[in-house]
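Structural characterization, general
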Amino acid sequence: MLKKITEYFAAVLILILTIGTSSAADKSITIGMQLEPPNLNPTGGAAAAIDEVVYANLFEGLTRFKSDGSVAPALAKSWTISANGLEYTFNLNDTVTFHDGTPMTAKDVKFSLDRARSEDSTNAQKALFVDIDTVKIIDALTVIVTLKAPNGNFITNMAWGDAIIVSENSISSLETAPIGTGPFKFSKWVKGDRVELIKNETYWGDQISLDRAIFKFISDPTAAFAAVMAGDIDAFPVFPAPENLSQFASDPRFSVIVGSTEGETILSTNNKQPPFDSLTMRKALAHAINRQEIIDGAMFGFGTPIGTHFAPHNPDYINLTSNSEYNPELSKQLIKEAGYDKNNAITLKLPPPSYARRGGEIVASQLRNVGLNVKISNLEWAQWLEQVFKGKDYNLTIVSHTEPADINIYARPNYYFQYDSKRFQELMRELSETTDPKKRSEILKKAQTMISEDYVNGYLFQLAKTGVANAKINGLWKNSPTQANDLTGVIWSD
Amino acid sequence: MLSYLWARLFTLFVSLVLSSLIIFILIEAVPGDPASFMLGINATDETIEALRKELGLEEKILNRYFNWLIGMLSGDFGVSYTYRVPVQDLILERLIVSLPLTILSLTLAIFIAFPAGMIAAQFQGKKIDFSIMAASQVGIAIPNFWFAMILVLIFAIHLRWFSAGGFYGWDSGIVLGLKSLTLPAISLALPQASILSRVIRSSILNTLTEDYIRTARAKGLSQRKIISKHAFKNALIPVLTILGLQFSFLLAGAIIIENVFFLPGLGRLIFQAITQRDLIVVESVVMLLVFSVILVNFIVDLLYLIVDPRLRK
């Protein structure tokens, strides 16, 4: 009897163990992500996780970002710009269909752009569309977009995930069962666990190699490590624990992918609240900071020092770190000059990401070294948005600004760091009206210098993109010109 | 007996209404706006305003409370701010993970704890009693998330018998579903089984001093018979109380274990909803938990009736 029971249990055990371990067809990939997207509609929310699933895979816009950050044609195969820089004529690809079978035409382009800029639009990047005056349908495959003022960024703006083209028929299901034009179709979403996409067999562009893509959500860094080690995850493009990367690097099963992002990580400073409403104090702040120590201590060495709000991999970048070289003696002297009273506590409010929490501790100790009385308080994102971003009730905070080419935020006097410079605002107006690449580059360089010399914020480092993948996977993005996991070029090698 | 039932039902109802009010007020008072959270740091004020209107956040707080309360009575918990799907669907999706996990780990705990507790009681003061008690002490002392990580290390990373976590979904088959719940259930069951076995042992030992046990012993029954036939049933009441508490605790208290195994359960839903300020989801899940605690207590009260005939009078 006992023997029979043991045999039975052994059989069940073997059955349980064998099921599910045989991997599915080779042409699928399981991508790990730390955060689950709240929904799958990139036109109604800012969560980066949305674009990390759908960008270029499921949805496409008129143009798109390539992995090197350049902008390439997508749904629009070509465009012309009128001499005065106001009229953009887009010629659409003619074989594009949505996943529900309906053709994508000029009507959908007009609908999508009008929807994004309408009064009740909930597009998180509405500013991308603010210059549009009219969108006119010429024929099924031609659209003319007229701008109110010339905007040299317009073609780049149309590459953002927030500017994807959607069909009017499928608006109601964008959040939960999205219908796009991309090489992958939505298959299913097990909330809290994974989103599955399958190959779109009737895709208009180049056929992709993968049949299936699974995005699995693992928030805990230890669990993420275990999942990669156990082979449950094929690639974790933004791996949450940089301290584990060396272990992956020494394991031949994995390759570690280190690239750059658009994330300028800055010690944001409230320019309207004492003591940092004074230029001298902000300059003192800048010289009190040892960037390399922060990068080594908080990011395990991953990250590039920056001296202004611009990505170092951008051709227009200029290295201005010398404006804010680590010099505690100079810093102490400036603080004395400014007459800072040590009884005035300086609040450093930190949001949850580890770059902020870990980096914040190091920054605080560096600032205390030069005699600043720094108090740290840790906030959740929702609190941070309320107190720091909206309420502007803070002295210092640490945030990574991950939007590409976003130096123009310094032209908003009411933005949370409250930098109100007429000269800079004028410069940005000039930039948006300039289309000549050489002139634009000059203006951008001037802008970088201006905010660096005004010591608007403490410029720390460019966030690195550190990920891990199965060594047999090729074609994942190394850099992150926009937050995305573009799987269209991914192939498994044998 | 009927009046006993009515009284229990009445308290059940009053506690539900009161707790709904407290939950709503407390959660609405938490700082942080769901609309600004969703739209991030590049959104304009007018966009945030538009989204607040779309989500119904501009309505008066009292109206929102009554809409929510009345909706719940008809099974409509509202629509999640961030996921944009009905809250009851979200909860159901999570419940089909959390409920089986709870039942599985509790069953496991019962299967370990009952024999262990009874044997320990039977051999009180002997070596076997000491070893069982020592083991249960260790079981309580080990943090279950640490135990879970050890399980993952052995069974997922080294032996590759199980996935390191995740949930296949019941539509991929019941075996696969159970397989993804096995390691989490074991790590949840360990401390519960340890607590339970100690309660069972001491509860049995308490009843062993009763007069009817002496009578049974005088009849010449063996210690084993005395425990299984006479002492056990009377020892059940405190055990049932603990079991009820453990059930409610496991249903949503598995947040850490759910994180270690990245399981899409209720605990993680509520955790995510709090950080995203998806207030309506938080309110509804907390309400559901209150309901389940009250309901389980009610059922335990009813079970007392079955176990203890004196209460039926």
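Since this is a predicted model, take the numbers as computed values, not measurements. (Residues numbered from 1 in each chain as written. Chains lettered and ligands numbered in written order. Predicted model: local features only at pLDDT ≥ 70, side-chain atom pairs only at ≥ 80, totals over all residues. Heavy atoms only, no water.)

1. Some details on the overall build of chain B
Helix and strand counts for chain B come out as 13 helices and zero strands. For chain B, the N- to C-terminal ordering of α and β elements is α-α-α-α-α-α-α-α-α-α-α-α-α. Overall size of chain B, expressed as C-alpha extent along the three principal axes, is 85 × 60 × 35 Å. Within chain B, buried positions represent 50% of all 313 residues. Here the analysis covers contacts within chain B between residues at least 6 apart in sequence; of these, 71% occur between residues at least 24 apart. Surface summary for chain B: the accessible area is close to 15,000 Å², and the carbon and sulfur share equals 71%. (Helix = DSSP H or I, 4+ residues; strand = E, 2+ residues; numbered from the N terminus. Buried < 20%, exposed > 50% of the residue type's maximum accessible area, 1.4 Å probe, protein only. Contact = heavy atoms within 4.5 Å. Areas by Shrake-Rupley, 256 points an atom, 1.4 Å probe, with all protein chains shown as cover.)

2. Some details on the interface of chain B and chain A
In this assembly, 48 residues from chain B lie in contact with 56 residues from chain A. Between chain B and chain A, the buried area comes to about 4,300 Å², and carbon and sulfur atoms account for 57% of it. When the buried area of chain B at its contact with chain A is split by residue, Ile 41, Asn 42 and Phe 262 of chain B rank highest and sum to 17% of it. Our count for the chain B to chain A interface comes out at three salt bridges. In this structure, Asp 33 of chain B engages Lys 390 of chain A in a salt bridge whose closest nitrogen and oxygen atoms are separated by 4.0 Å. On the surface where chain B and chain A come into contact, there are nine residue pairs in polar contact (both at pLDDT 80 or more). Among the elements of the structure, α2 (34-39), α3 (45-55), α5 (87-122), α7 (144-158), α8 (174-207), α11 (255-260) and α12 (266-275) of chain B are those that each provide at least two residues to the side of chain B that touches chain A. The residue inventory of the side of chain B that touches chain A, partitioned by class, reads 25 nonpolar, 12 polar and 11 charged. (Buried area = accessible area lost by both parts, 1.4 Å probe. Salt bridge = Lys/Arg side-chain N within 4 Å of Asp/Glu carboxyl O. Polar contact = N/O pair within 3.5 Å; in protein donor to acceptor, adjacent residues only side chain to side chain. Nonpolar A, V, L, I, M, F, W, Y, C, P; charged D, E, K, R; others polar.)

3. Structural notes on helix α4 (residues 61-73) of chain B
Residue and element names in this part refer to chain B. Taking 1.5 Å of rise per residue, the 13 residues of α4 would be expected to cover 18 Å, and the 19 Å separating its terminal C-alpha atoms lies within 8% of that figure. If you check which residues of α4 are buried, you get Arg 64, Tyr 65, Trp 68, Gly 71 and Met 72. Angular distribution of buried residues about the axis of α4 spans 140 degrees; they occupy a single face of the element. Within α4, the exposed residues directed more than 90 degrees away from the buried face are Leu 62, Ile 70 and Leu 73. Backbone geometry just after α4 places Gly 75 at a positive phi near 80 degrees. (Expected span 1.5 Å × (residues − 1). Arc of directions from axis to C-beta.)

4. Considering the pairing of strand β14 (residues 346-350) of chain A
Residue and element names in this part refer to chain A. Within β14, four of the five residues are buried, which leaves the element mostly enclosed by the surrounding structure. Taken together, the five bridges between β14 and strand β15 (residues 374-378) define a ladder with parallel strand orientation. In the strand pairing of β15, Lys 349 is matched with Ser 377. Where β14 and strand β16 (residues 396-401) come together, two bridges link them in parallel fashion. Residue Leu 348 lies in a different strand from β16, and its bridge partner there is Leu 396. (Pairing = 2+ DSSP bridges.)

5. Side note on the domain arrangement of chain A
All names here are of chain A. When the domains of chain A are assigned, the result is domain 1 (28-36 + 176-259 + 465-492), domain 2 (60-173) and domain 3 (263-463). Computed from C-alpha atoms alone, the centre-to-centre distance between domain 1 and domain 3 is 32 Å. Contact residues are listed per partner, giving eight residues for domain 1 and seven residues for domain 3. Between domain 1 and domain 3, the buried area comes to about 630 Å², and carbon and sulfur atoms account for 64% of it. Of all residues in domain 1, Pro 242, Glu 243 and Gln 483 bury the most surface against domain 3, accounting for 54% of the area lost on that side. Ionic pairing is found between Arg 358 and Glu 243, a salt bridge with its closest N-O pair at 3.1 Å. The interface formed by domain 1 and domain 3 holds one residue pair in polar contact (both at pLDDT 80 or more) in total. Looking at the side of domain 1 that touches domain 3 residue by residue, the classes come out as four nonpolar, two polar and two charged. (Domains from an automatic or database assignment.)

6. Structural notes on helix α13 (residues 437-453) of chain A
Residues and elements named next belong to chain A. When the terminal C-alpha atoms of α13 are compared, their 24 Å separation across 17 residues agrees well with the 24 Å that a helix rising 1.5 Å per residue should span. Buried within α13 we find Arg 440, Ser 441, Ile 443, Leu 444, Ala 447, Gln 448, Met 450, Ile 451 and Ser 452. Against the buried residues of α13 lie α12 (422-432) and β17 (458-470).

7. Points about the environment of Arg 357 of chain A
Residue and element names in this part refer to chain A. You can see Arg 357 is positioned in helix α10 (residues 354-369). As a C-alpha pair, Arg 357 and Asp 220 span 137 residues in sequence and 16 Å in three-dimensional space. For Arg 357, the contacting residues outside a window of four places in its chain are Leu 350, Pro 351, Pro 352, Asn 378, Leu 379 and Glu 380. A polar side-chain atom of Arg 357 sits 2.7 Å from the main-chain carbonyl oxygen of Leu 379.

8. Notes on the nonpolar core
Among the nonpolar cores identified, the biggest contains 69 residues, and Phe 215 and Leu 487 of chain A are the most heavily contacted of them. A per-element tally of this core places helix α13 (residues 279-307) of chain B first, with nine residues. For Leu 487 of chain A, the contacting residues outside a window of four places in its chain are Ile 29, Ile 31, Asn 57, Phe 184, Leu 210, Ala 213, Phe 215 and Leu 476 of chain A. Among the nonpolar cores identified, the runner-up in size contains 64 residues, and Leu 106, Phe 147, Leu 236 and Phe 262 of chain B belong to it. (Core = buried A, V, L, I, M, F, W, Y, C linked by side-chain atoms within 4.5 Å.)

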